[in-house]
Amino acid sequence: MTKERIALAMVVVLALLPLLFAAMGESYYLTVATRMMIFGIAALSLDLILGFGGLISLGHAVYLGIGGYAVGILDFYGISNGFVQLGVATLASAGAALFIGAVSLRTSGVFFLMITLAFSQMVYFLAISINSFGGDDGLTLNAHSDLGLNFGNTQVFYYFVLACLAFFLWLSFRIVRSRFGMLLRGMKFNESRMIAIGFPTFRYKLTAFVISGAICGFAGALLANQTLFVSPSIMQWSRSGDLLVMVIAGGMGTIVGPVIGAIMFLLLEKVLASFTTYWGALLGMVLIALVLMGKTGLLGGMAKGGRPHG
Amino acid sequence: MAEPMSDVLLETRQIRKRYGGIVASDGIDLDVQRGSLHAIIGPNGAGKTTLIAQLAGQLRPDSGTILFDGQPVDRLPAYQRARGGFARSFQITNVILELTVLDNLALAVQAREPHSFRFWTDASRDPSLREPARHVLDTIGLSTRADVPAGQLSHGEKRALEIGIALATEPKLLLLDEPLAGTGPEEAARVVKLLASIKGQLTILMIEHDMDAVFALADVISVLVSGRIIASGLPTAIRANPDVRRAYLGDEGAA
Amino acid sequence: MSATLLLEQCLNGMQLGIMLFLMSAGLTLVFGIMNLVNLAHGSFYMAGAYLGAFVYASSQSFLLGVVAGLGGALLIGLIAEFLIFRRIYKGDHLDHVLVTFGLTLIFNDLARLIWGPAALFARVPPFLSGQVNIFGLISYPAYRLAIIVVGLAVAALLYVLLRHTRLGMLIRASASNRTMASALGVNVVVLYALVFALGAGLAGLAGLMAGPIFTVIPGMGDNVLILAFVVIVVGGLGSVEGAFCAALVIGLIDTLGRSFMKPLFGLFLERAAADNSAPAIASMLIYILMAIILFFRPQGLFPPKSR
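Rules behind the numbers
- Residues numbered from 1 in each chain as written.
- Chains lettered and ligands numbered in written order.
- Predicted model: local features only at pLDDT ≥ 70, side-chain atom pairs only at ≥ 80, totals over all residues.
- Pairing = 2+ DSSP bridges.
- Helix = DSSP H or I, 4+ residues; strand = E, 2+ residues; numbered from the N terminus.
- Axes fitted to C-alpha atoms, helices over the stretch in contact; angles between N-to-C directions.
- Contact = placed C-beta atoms within 7 Å.
- Nonpolar A, V, L, I, M, F, W, Y, C, P; charged D, E, K, R; others polar.
- Core = buried A, V, L, I, M, F, W, Y, C linked by C-beta atoms within 7 Å.
- Buried ≥ 20, exposed ≤ 12 C-beta atoms within 10 Å, placed from the backbone.
- Domains from an automatic or database assignment.
- Expected span 1.5 Å × (residues − 1).
- Left-handed = near helix turned anticlockwise from the far one by under 90°.
- Arc of directions from axis to C-beta.

### Looking at the sheet that holds strand β1 (residues 8–19) of chain B
Residue and element names in this part refer to chain B.
- Spatial strand order, β2-β1-β4-β5: four strands in an open sheet with antiparallel pairing. Only two strands of the sheet have a single neighbouring strand rather than two, namely β2 (22–33) and β5 (71–72).
- Of the strand pairs in this sheet, β1 and strand β4 (residues 63–68) are connected by five bridges, and their pairing is antiparallel. In the strand pairing of β4, Arg-13 is matched with Thr-65.

This is the structure in structure tokens:
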């Protein structure tokens, strides 16, 4: 089965899921599933740079935060137009990614990892320090983004998020098959060769970084709409770690894998958390065991980049 | 400003490069004639790879000028030189092992386009990339291996692909850094045949240790010893040059 | 704003810088030598803080607390190296991130399991609980001054160790050239374990001293870890001297920014605006500094000389 087929099957299953929940009389599950899809979009955005570009960003949750706060702050000032809110959320995240990428992509490898982490921490502390927008306690929204749809209805919101997920899946498949996507893969495996044949690699990496940040910011805006609340904790560094785990567990460089990874991750979190408050430690043990046994990537995933060529 | 087109495609003037105490390039003057195959020979450590890297732009000379088609290029970064018509192959095979042979070539074809900010069309089905790539594939004799990941090629095939990637960018000047490195006799013959077939179609500057190949292919040979060109000329002249015999061929040339 | 306040804040900044240095030294060495990205380094800091505070409180002996905090962190580092880290040195950075992220989760939950989610009280020993008069200018908490003194002493010791002993020579050689150590015929396994334990011990010392100043809670190491990342990125990966300079600069800038940004902004802005924007800018200062430095010097200020 090709990745597109898997993605299509997943979208179909997700589209039918509300019927099942309705039959079970468990409408709460719908909220949980919506959250999973939102994180699926975020994980997918990370896969574009991690799986295809080989860039290990350890600060990707920052765009969730920026997207969420964009919606929250506009709402705070009484601007509830959904097109404006989602647009600003996406653009603001793209802008932040442009800045962060412009600095961090000048370096590589472990530098890149640490710098993306540091910048996400900067925005995290910035959000904490601004008391007008709730500081540490976060910001409660007055209303959902107004797109003419009733986001207060969990079913409506669920299908809206599903439509977004389907759109971003489709978009990502297009991108990775395009010339841009081919080049991205080429740079991941052998950047010096790409430079030698005439590609100015920096601007392409930066573009990928910005696209990825923008999509993740959009996911952040969705997240704010779901909970009607944003707080600095959505961009805590461990959240970025969670996103990495989702992508890698689902299969890097497969686009649909990370979405499934996100769903599995949040499902596991829910299940484990119902047994113990120490589910983080359990997750940690699973992670270590998986790496030590050399088993990562539900959907196989592509070869990892960044290793020297022999 | 109609300047007459010179016969010299690449010209270096007094290129110098040192690493700490080691002088890798000690004032190199080189003229590469348009359309020729110019070989540089010299003992190990003479500074051959350093010279190629300076020409291709991976290294910057400490001083001196590089003129390409009469224009100075020493300030241009590697990717711009590549766009201007330089292409280099590497001594250590530098292909993308994870991608197929055809994808490697298609990427090189793609590098000729003004930019790759094209997010929509499926590159793997675009004839404007695939057809030129297939054409190069034929030239390098790997038509049957198009969809094999480059990592699975034999060493000789990888060497051919290495040259193919450079060719696919349609360069004016091909810089070959030891194209025969690590090949067995059969593989070497294959690469020599390939080089003979493209010779004359574009200008080639080649570094090579294999003297049989050099004397069979080269129009002009320059001898680099300790960062200096000690002789330059037709193969017959080089073979007869007493300095060259003493400095270089004397110990290795008999083989 | 007075000169005495400035002096006091400078001392506070130095104290923060020293702690950051103790955190970063191990991190940068471990990266330089083993090429390992260790997100769990903050856990050693946390271990030092918890063990120190807990043993001191239950035994009433400050010395025992110090031994427990320092030795405990060192031992945990050694055990973790033996059980896990040595298996992943050869892996790629993504493996490092996953494993050490997992370890952090485990350690944080472990602290919560043993000592609960609430903060653990860490006491300042009586003999350091007073104030010290500095040059007759200001009176400064003796404990904080002690941190600076101990930190500088450790930095000096580390300098001697790295510069003037055979072990240090080997460590430096392998930090600048990873294949060097094995070429010198060193037992790499032992060297790696030693370096790792040394780093863990230094982080434990930082945590131990930080206990009474900051809050001892699960996850306390994470924020310090990220600051330490900023330090080693700015200082140049693998360079202990670079980490020392960068740590002091960052400690000073962060502390001075937080205390003087508001009055400074007050000169230009209305009070309300200054009150609102100053803390925001202050919290971003060191990251902005990092961005500027990296923009001009992507390798950091003092990259170790390679080759």
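### Quick word on the sheet that holds strand β6 (residues 86–89) of chain B
Residues and elements named next belong to chain B.
- One open sheet holds the six strands; their spatial order is β6-β7-β8-β3-β9-β10, and the pairing between them is mixed. The sheet terminates laterally at β6 and β10 (228–233), the two strands that pair on one side only. On average, each strand axis in the sheet is tilted by 15 degrees relative to the strand beside it, whichever way the strands run.
- Two strands pair when backbone bridges link them, and β6 and strand β7 (residues 173–177) are joined in this way by four bridges, in the parallel orientation. In the strand pairing of β7, Ala-87 is matched with Leu-174.
- Sheet contacts for helix α1 (residues 48–56): β3 (37–41), β6, β7, β8 (203–207) and β9 (220–225); angle to β7, the most-contacted strand, approximately 150 degrees.

### Describing the interface of chain C and chain A
- Every contact between the two is made by 38 residues of chain C and, on the other side, 39 residues of chain A.
- Counting only elements with at least two residues in the side of chain C that touches chain A, the list comes to α3 (62–88), α4 (93–115), α9 (220–235) and α11 (271–296) of chain C.
- Per element, the largest residue contribution to the side of chain C that touches chain A is 15 residues, and it comes from α4(C).
- Partitioning the side of chain C that touches chain A into residue classes produces 28 nonpolar, five polar and five charged.

### Side note on the nonpolar core
- With 281 residues, the main nonpolar core has A:Ile41, A:Ala118, B:Leu105, C:Val230 and C:Val231 as its most contacted residues.
- Ranked by residue count, the leading element in this core is helix α1 (residues 3–34) of chain C, at 16 residues.
- Each of domain 1 (7–42 + 58–75 + 219–255) and domain 2 (98–206) of chain B contributes no fewer than three residues to this core.
- Once residues lying within four places of it in the same chain are set aside, the contact partners of C:Val230 are A:Ala118, C:Ile250, C:Ile286, C:Tyr287 and C:Met290.

### A look at helix α8 (residues 201–227) of chain A
Residue and element names in this part refer to chain A.
- Taking 1.5 Å as the rise per residue, α8 with 27 residues should run 39 Å; its terminal C-alpha atoms sit 39 Å apart, in good agreement.
- Taken across its 27 residues, α8 has 21 buried, putting it largely inside the fold.
- Just beyond α8, the residue with positive phi is Leu-228, at close to 50 degrees.

### A word on the interface of chain A and chain B
- Taken together, the 23 residues of chain A in the interface contact 27 residues of chain B.
- At the level of secondary structure, the elements contributing two or more residues to the side of chain A that touches chain B comprise α6 (154–177), α7 (179–196) and α8 of chain A.
- A per-element tally of the side of chain A that touches chain B places α7(A) first, with eleven residues.

### Examining the pairing of β4(B)
All names here are of chain B.
- Two elements, β4 and β5, share two bridges in a ladder whose sense is antiparallel. Note on β5: the bridge partner recorded for Leu-67 is Pro-72.
- The turn joining β4 and β5, which pair antiparallel and follow one another in sequence, is formed by two residues; a positive phi near 55 degrees is taken by Asp-69.

### A closer look at the packing of helix α4 (residues 82–104) of chain A against helix α5 (residues 109–129) of chain A
All names here are of chain A.
- Running from N to C, α4 and α5 point in directions that differ by 145 degrees, and their axes come no closer than 10 Å. The handedness of the crossing between α4 and α5 comes out as right-handed. Contacts between α4 and α5 pair Ile-100, Val-103 and Ser-104 from the former with Phe-112, Ile-115, Thr-116 and Phe-119 from the latter.
- Its residues assigned to classes, the contact of α4 with α5 comprises five nonpolar, two polar and no charged.

### Overview of the environment of C:Leu113
- The residue C:Leu113 is located in helix α4 in this model.
- As for C:Leu113 and C:Pro218, which are separated by 105 residues in sequence, their C-alpha atoms are 9.5 Å apart.

### Things to note about the domain arrangement of chain B
Residue and element names in this part refer to chain B.
- Under the domain assignment used here, chain B contains domain 1 (7–42 + 58–75 + 219–255) and domain 2 (98–206).
- Using C-alpha coordinates to define each centre, domain 1 is positioned 26 Å away from domain 2.
- Each side of the interface is counted separately: domain 1 has nine residues, and domain 2 has eight residues.
- Every element with two or more residues in the side of domain 1 that touches domain 2 is listed here: β1 and β3.
- Per-element accounting of the side of domain 1 that touches domain 2 gives the leading share, three residues, to β3.
- Within the side of domain 1 that touches domain 2, the residues separate by chemical class into five nonpolar, three polar and one charged.

### Notes on unusual backbone geometry
- Of note in this structure, A:Ile255 is not a glycine but carries a positive phi near 65 degrees.
- Its place among the elements puts A:Ile255 in the loop between α9 (237–250) and α10 (256–275).
- Given 28 C-beta atoms within 10 Å, A:Ile255 falls into the buried group.
- Residues other than glycine seldom take positive phi values, yet B:Gln14 does so here, at roughly 55 degrees.
- Of note, B:Gln14 is situated in strand β1.

### Points about helix α4 (residues 127–139) of chain B
Residues and elements named next belong to chain B.
- Over its 13 residues, α4 extends 18 Å from the first C-alpha to the last, a length consistent with the 18 Å expected when each residue adds 1.5 Å.
- Among the residues of α4, those classed as buried are Leu-129, Ala-133, Val-136 and Leu-137. End-on, the buried residues of α4 take up no more than an arc of 105 degrees, which puts them together on one face. With respect to the buried face of α4, the exposed residues turned more than 90 degrees away are Pro-127, Glu-131 and Asp-138.
- Tucked into the core, α4 has its buried residues touching α3 (101–110) and α5 (155–168).
- Count one or two residues on from α4 and you reach Gly-141, which has phi positive near 70 degrees.

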